[in-house]
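Each chain is listed here by its residues.
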Amino acid sequence: VGIKEVNLKKELVIFGVYPNPVSEYAIVQFYNEQNSTVTVKVVDIAGKIINTETLGNVSAGLHLHGIDLKNIVAGVYFLVIETGKISVSQKLVKEN
């Protein structure tokens, strides 16, 4: 019995949003494979963009980014991270 290697190479990955649920501030941990302009969006379940933040040209590697959510009403949202060609999302619960 051997171990089979699987290549799960991804250009953009969200590793987590902490804390989740969140009341005021969240930290998103993400990895991007190459230097690129990164945009972080908070989108409600109807698809309406609630908040957008452009991080500018972000170097390749693992990153942490803080998000201020204290002025957003409680509910279920999606945190969307985009580069020029890739978009990934993760569910985010905002509580009071």
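What counts, and at which threshold
- Residues numbered from 1 in each chain as written.
- Predicted model: local features only at pLDDT ≥ 70, side-chain atom pairs only at ≥ 80, totals over all residues.
- Heavy atoms only, no water.
- Pairing = 2+ DSSP bridges.
- Helix = DSSP H or I, 4+ residues; strand = E, 2+ residues; numbered from the N terminus.
- Core = buried A, V, L, I, M, F, W, Y, C linked by side-chain atoms within 4.5 Å.
- Buried < 20%, exposed > 50% of the residue type's maximum accessible area, 1.4 Å probe, protein only.
- Contact = heavy atoms within 4.5 Å.
- Axes fitted to C-alpha atoms, helices over the stretch in contact; angles between N-to-C directions.

A. Broad picture of the pairing of strand 4 (residues 49–58). In this structure, strand 3 (residues 36–44) lies alongside strand 4, joined through eight bridges in antiparallel fashion. Following the sheet pairing, Val-42 is matched in strand 4 by Asn-51. The antiparallel hairpin formed by strand 3 and strand 4 contains four residues in its connecting segment, where Gly-47 sits at a positive phi of about 95°.

B. Representation of the nonpolar core within the structure. The biggest cluster of nonpolar side chains holds 19 residues, and the ones touching the most others in it are Val-28, Phe-30, Val-42, Ile-67, Leu-69, Leu-79 and Ile-81. Only strand 1 (12–18), strand 2 (25–32), strand 3, strand 6 (75–82) and strand 7 (87–94) provide two or more residues apiece to this core. With residues near it in sequence (within four places) discarded, Val-28 still touches Ile-14, Gly-16, Val-17, His-63, Leu-64, His-65, Ile-67, Leu-79 and Ile-81.

C. Layout of unusual backbone geometry. The residue after Tyr-18, namely Pro-19, is reached through a cis peptide bond having omega -15°. Of note, Pro-19 is situated in the loop between strand 1 and strand 2. The amide bond that connects Asn-20 to the next residue, Pro-21, takes the cis arrangement and shows omega of 15°. As for its placement among the helices and strands, Pro-21 is situated in the loop between strand 1 and strand 2.

D. Up close: the sheet that holds strand 2. Pairing in this open sheet of three strands is antiparallel, and the strands run 1-2-5 from one edge to the other. Looking at strand neighbours, the two that pair on one side only are strand 1 and strand 5 (61–68), the edges of this open sheet. With strand direction ignored, the average angle separating the axes of adjacent strands in the sheet is 20°. The sheet contact formed by strand 1 and strand 2 spans six bridges and is antiparallel. Note that in strand 2 the partner of Leu-12 across the bridge is Asn-32.

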